[in-house]
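Below, each chain spelled out in residue letters.
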Protein chains: 2
Amino acid sequence: MAERITPRSEDYSRWYTDVVIQGKLADYAPVKGCMVIRPNGYAIWEQMQKVLDRMFKETGHVNAYFPLFIPESFMKKEAEHVEGFAPECAVVTHGGGEKLEEPLYVRPTSETIIWSMYKKWIMSYRDLPILINQWANVVRWEMRTRLFLRTTEFLWQEGHTAHATFEEAEEETRRILEIYRTFAEEYMAMPVIVGRKSEAEKFAGAVHTYSIEAMMQDGKALQAGTSHNLGQNFAKAFDVKFQDRQGNLNYVYATSWGVSTRLIGALIMTHGDDNGVIIPPRLAHIQMVIVPIWKESNRQEVLDFSEQVFQKLKPHFSVKLDDREQYKPGYKYAEWELMGVPLRIEIGPRDVASNQVTLVRRDNREKTPVSLDVLIERIQEMLETIQQALFQRALEFRKANTFRIDDYEEFKKVFEEKNIFAESHWCGSADCEEKIKEDTKATIRNIPFEQETEEGKCIYCGKPSQGRVVFAKAY
Amino acid sequence: MAERITPRSEDYSRWYTDVVIQGKLADYAPVKGCMVIRPNGYAIWEQMQKVLDRMFKETGHVNAYFPLFIPESFMKKEAEHVEGFAPECAVVTHGGGEKLEEPLYVRPTSETIIWSMYKKWIMSYRDLPILINQWANVVRWEMRTRLFLRTTEFLWQEGHTAHATFEEAEEETRRILEIYRTFAEEYMAMPVIVGRKSEAEKFAGAVHTYSIEAMMQDGKALQAGTSHNLGQNFAKAFDVKFQDRQGNLNYVYATSWGVSTRLIGALIMTHGDDNGVIIPPRLAHIQMVIVPIWKESNRQEVLDFSEQVFQKLKPHFSVKLDDREQYKPGYKYAEWELMGVPLRIEIGPRDVASNQVTLVRRDNREKTPVSLDVLIERIQEMLETIQQALFQRALEFRKANTFRIDDYEEFKKVFEEKNIFAESHWCGSADCEEKIKEDTKATIRNIPFEQETEEGKCIYCGKPSQGRVVFAKAY
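Residues numbered from 1 in each chain as written. Chains lettered and ligands numbered in written order. Predicted model: local features only at pLDDT ≥ 70, side-chain atom pairs only at ≥ 80, totals over all residues.

(A) Region of interest: the overall build of chain A. Within chain A, the secondary structure is distributed over 14 helices and 25 strands. Considered along the principal axes of its C-alpha atoms, chain A spans approximately 85 × 60 × 50 Å. Put simply, chain A has 475 residues, and 47% of those count as buried. Considering only residue pairs separated by 6 or more positions, chain A has 67% of its internal contacts joining residues 24 or more positions apart. (Helix = DSSP H or I, 4+ residues; strand = E, 2+ residues; numbered from the N terminus. Buried ≥ 20, exposed ≤ 12 C-beta atoms within 10 Å, placed from the backbone. Contact = placed C-beta atoms within 7 Å.)

Below, the structure written as structure tokens:
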């Protein structure tokens, strides 16, 4: 608390780290590339889990748990998959004091171990669909790490479903993508662009990968969730066939999809300000904090009134009463702002006299006196107002930093100067994509679903293009 | 479903495996010693997590997440700890395609990594207490594994707290033990013996270990939860000191405590019968299932009535309507019994005519017709009755299989013939404890808190003893 948070305008990257460390959201672990998620950060993850888990269950999914370790031979069964993941795996070579006959990979993702089980469980169309999700830790060896955004170990959920037809798998893939969009926009208050990944950027082993992409406050993109239609690739690798209604044997169709603790980083970089993080009300595990302001002469009456307000609000909201004696109100304001509590309730002697409290919004510090008679209704409205305001501010920021660019010289110049989203035409060639990345570090984030069909020319090679894609530098 | 469950009387161990596999609670994984927790089993774990997490939070604990990997040098800092755990660790030697400078142990428990962080976080008495819990996976290399009871990887919660005084740590240790007892007895309906572990059986690095111990249906003991007062052992190993109110530097006091997915095994072996598992109502994620019984002639009216009952119950209970067309009622009964759903609601044409349903208890198959007018109240009562009946049955079974034994020849003879709990005097010597184990395979489960002080003679050496301890063969 004593330390200063680097202002965003001075150094965005240091600002981010300051907010995470000083807000006690996470800390560096003494293991290379790993982090500790501290209680303040983990509480955000728990809220995210609660909402997502409910959405998954409402759409028929169930949770299960598969092993952390994957035999090396399993990783090698799907050619693209092993090429994509093996180089970044942690490998267990010894167990129980002895060298293992076959090395075990610590899961970087669980397709292979799960499909080896689906082979045991799926015989006929009656066994389909399987709609399983898993909340777990995964490990991907990282050289350059950032708290929440890129760490060797992280927490996530990974869905792995099995279906009788490609269409059904595609439908599931898109259903989950819509859940991710809803979660990002309606709970995290983070606008996202929904679309399909290019061939170069898709998941190792997928037929189609879809993603939601958000713009951070520095103009960079952050991939916030992905959903993959895996076709029959993993069923073929693990020989998983089912007998259909007509008695024919077919390979099973698969999907997989996930979001991770990286979302906490996304939340911080979407809404945070120079005072710390801002948690949208619908995700806040503490929605409001009451801070009494007293002098020695009116201490008891202010505290009594505050306690009364606390008891009134408790059945309706997640509320804290900060009556610590050893800290002054200003210190408390700063502490709760740092942690992102969306609403502060100040209660001073004048409020007591008028039977009112003063609401202070975390997002813009606007103060509103509210009579006790209408307090619950007004707080409900205000939480909703804050939720919407955060979304609108982020959406407007993205709009202001998104440009249609049709000239490659301009494209290069813009990306040299700043981070933005460029909507530009692309012919579909991996070659052009690669060249653009080399020139500018911008990659195709996705091919948005929502856009008018518009004929144009590839920004790089000038060949015909059917529509625009989103280019950006990405986290 | 098609396969037969081995009756308990024929082979208890095979019965257990049959119930787990056929009930789709878990399955063997293709990784040595590991299991897959299938959705039916994971749903039980989720219910357990929900209750325990609430109890932890109500007593001021918060959740966090620490890394999976522990540097080898950390493991070695606490002498007893490394001796106890290192031989059963999985070791990562390679990451990102390269050999690591220092091997990483996959956590068997997290004291060392957590206390390395507490060193960073604790300066003064103001930073205490720290009351952190973690839900995580851990790995202990096992040679002989059993689903849920003993697997190389398992899920658990591990609490790690830091305190200013030994007394406060002891208080915390006992508070958690009481939470474990409450959870076992009031939710799992599993009576437990609460007490202190002997020196030989305590946690590697603890001053005191307390446990709850339950009797399984085969008379063996199962350690269901442990709570450790770690004294200053880990604070000394990691040099964690705090400044007290007087300005003196002291080592911090620690506790740790945990329960694991092993509780699912305990639940099965406490209540299960030859038809499958029985889930106590307070832990059941499906509390009741409605099975309509129709002929072609009355199909629609039975289904309509069943739907009406389902809608009536839904706001009050976790209820399923099994209106699958392709299965006969008898098949459905068997399936839901296997999964342990505590209450079945049968609805046939005669029930429809009388505006009633027939409740069937899972634990004793007793049938009760109940009019729709009083259905909700009667179901509430019946769920409570089942909960209590399960506890009573288990308690009576334990009483019937617990004996006070004061003669060593008799002691040996009894343990040769059967599995029981023996309450016998013990002088306190690790030597006697070891000899008894060699002779009989029975170990001291714990030294119960609840017992009259009674002078006696050690069952092995005849030296004076102040009280009885519980001996049993254990899982």
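(B) Structural detail: the pairing of strand β15 (residues 288–292) of chain B. Residue and element names in this part refer to chain B. When you tally the buried positions in β15, you get 5 out of 5 residues, the bulk of the element. A two-sided burial pattern is seen for β15, the buried positions comprising M288, I290 and P292 on one face and V289 and V291 on the other. Pairing of β15 with strand β16 (residues 319–321), which is carried by 3 bridges, proceeds in the parallel orientation. By the bridge assignment, I290 is partnered in β16 with L321. Crossover connection from β15 via helix α9 (residues 299–313) to parallel β16: handedness right-handed. (Pairing = 2+ DSSP bridges. Right-handed = clockwise from strand over helix to strand, strands pointing away.)

(C) Quick peek at the packing of helix α2 (residues 39–58) of chain B against helix α6 (residues 166–187) of chain B. Residues and elements named next belong to chain B. Two elements in contact, α2 and α6, have axes separated by 11 Å at closest approach and are oriented at 145°. For the pair α2 and α6, the crossing hand works out as right-handed. On the side of α2, the interface is formed by V51, L52 and M55, while α6 contributes I179, F183 and Y187. Looking at side-chain class alone, the contact of α2 with α6 contains 6 nonpolar, no polar and no charged residues. (Axes fitted to C-alpha atoms, helices over the stretch in contact; angles between N-to-C directions. Left-handed = near helix turned anticlockwise from the far one by under 90°. Nonpolar A, V, L, I, M, F, W, Y, C, P; charged D, E, K, R; others polar.)

(D) Layout of the relation of the copies chain B and chain A. Overlaying chain B with chain A gives an RMSD of 0.0 Å, the required rotation being 180° about an axis along which the chain moves by 0.0 Å. Accordingly, the operation relating the two chain copies is best matched by a two-fold axis. Closest approach to the rotation axis among the C-alpha atoms of chain B is made by V92 of chain B, whose C-alpha sits 2.0 Å away. Residue by residue, 100% of the interface of chain B is reproduced at the interface of chain A, so both copies engage with the same surface. (Least-squares fit on C-alpha atoms with pLDDT ≥ 70 in both.)

(E) Inspection of the sheet that holds strand β22 (residues 443–448) of chain A at higher detail. Reading across from one edge, β3-β7-β8-β14-β11-β10-β9-β22-β25-β21-β20 (chain A) is the order of the 11 strands in this open sheet, with mixed pairing throughout. In this open sheet, the two strands that pair with only one neighbour each are β3 (62–63) and β20 (402–404) of chain A.

(F) Inspection of the interface of chain B and chain A at higher detail. Facing the 41 residues of chain B at the interface are 41 residues of chain A. Among the elements that line the side of chain B that touches chain A, the one with the most residues is strand β5 (residues 90–95) of chain B, at 6 residues. Taken together, the residues of the side of chain B that touches chain A break down into 27 nonpolar, 8 polar and 6 charged. For strand β5 (residues 90–95) of chain A and β5 of chain B, the ladder comprises 5 bridges, and the chain directions are antiparallel. The partner of V92 of chain A across the bridge, within β5 of chain B, is V92 of chain B.

(G) Representation of the environment of Q388 of chain B in the model. By the element assignment, Q388 of chain B lies in helix α12 (residues 375–400). Considering only alpha carbons, one finds Q388 of chain B and E185 of chain B, 203 residues apart in sequence, at a separation of 9.8 Å.

(H) Highlighting the packing of α2 of chain B against helix α8 (residues 262–271) of chain B. Residue and element names in this part refer to chain B. Packing of α2 against α8 brings their axes to within 10 Å, and their N-to-C directions diverge by 105°. Our classification of the angle between α2 and α8 gives roughly perpendicular. Facing G41, I44, W45 and M48 of α2, the residues of α8 in contact are L263, I264 and L267. Along the lines of polarity and charge, the residues of the contact of α2 with α8 split into 6 nonpolar, 1 polar and no charged. (Parallel < 35°, antiparallel > 145°, perpendicular 65-115°, else oblique.)

(I) Helix α10 (residues 329–339) of chain B, seen in detail. Residues and elements named next belong to chain B. Along α10, the residues that are buried comprise W336, E337, L338 and M339. Buried residues belonging to α10 abut α1 (12–22), α2, β15 and β17 (343–347). Phi turns positive one or two residues past the end of α10, at G340, with a value near 90°.

(J) Spatial organisation of the nonpolar core. Within the largest apolar cluster, 282 residues are counted, with the highest numbers of intra-cluster contacts made by A214 of chain A together with A214 of chain B. Ignoring any residue separated from it by four or fewer positions in sequence, one finds A214 of chain A in contact with A184, M190, P191, V192, L222, A224, A266 and T270 of chain A. (Core = buried A, V, L, I, M, F, W, Y, C linked by C-beta atoms within 7 Å.)

(K) Layout of the sheet that holds strand β4 (residues 69–71) of chain A. One open sheet holds the 6 strands; their spatial order is β4(A)-β6(A)-β5(A)-β5(B)-β6(B)-β4(B), and the pairing between them is antiparallel. In this open sheet, the two edge strands, each paired with only one partner strand, are β4 of chain A together with β4 (69–71) of chain B. Across the sheet, the mean angle separating the axes of adjacent strands is 45° when strand polarity is ignored. Here 3 bridges tie β4 of chain A to strand β6 (residues 98–106) of chain A, and the two strands are oriented antiparallel to one another. Considered in β6 of chain A, the bridge of I70 of chain A is made with Y105 of chain A.

(L) Just the domain arrangement of chain A, in detail. Residue and element names in this part refer to chain A. Taken domain by domain, chain A consists of domain 1 (12–271), domain 2 (281–385) and domain 3 (402–472). The C-alpha centroid of domain 3 is placed 28 Å from the C-alpha centroid of domain 1. On the domain 3 side, the residues contacting the 16 residues of domain 1 number 15 residues. Class assignment for the residues of the side of domain 1 that touches domain 3 results in 5 nonpolar, 4 polar and 7 charged. (Domains from an automatic or database assignment.)

(M) Focus on the environment of I212 of chain B. Residue and element names in this part refer to chain B. Looking at the element boundaries, I212 is found in strand β10 (residues 208–215). I212 sits 233 residues away from R445 along the chain, and the two C-alpha atoms are 8.9 Å apart. The contact partners of I212, leaving out residues within four places of it in the chain, are L177, Y180, R181, A184, V192, V194, A224 and G225.

(N) Representation of unusual backbone geometry in the model. The step from L128 of chain A to P129 of chain A runs through a cis peptide bond, and the omega angle for that step is -5°. Of note, P129 of chain A is situated in the loop between α5 (111–121) and β7 (130–139). Phi at R365 of chain A is positive, roughly 60°, even though this residue is not glycine. Among the secondary structure elements, R365 of chain A is positioned in the loop between β18 (356–361) and β19 (367–371). In this structure R365 of chain A comes out as exposed when scored by C-beta crowding, with 12 C-beta atoms within 10 Å. Phi is positive for K441 of chain B, close to 70°, though the residue is something other than glycine. Here K441 of chain B lies in the loop between α14 (430–440) and β22 (443–448).

(O) Representation of the pairing of β22 of chain A within the structure. All names here are of chain A. Relative to β22, strand β9 (residues 193–196) runs antiparallel, the two being bridged by 2 bridges. Within the sheet, the bridge partner assigned to G195 lies in β22 and is P448. Pairing geometry for β22 and strand β25 (residues 468–472), over 3 bridges, is antiparallel. Bridge pairing links N446 to V470 in β25.

(P) Structural view of the environment of C432 of chain A. Mapped onto the fold, C432 of chain A is located in helix α14 (residues 430–440). With sequence-adjacent residues up to four places away left out, C432 of chain A is seen in contact with W426, C427, C458, Y460 and C461 of chain A.

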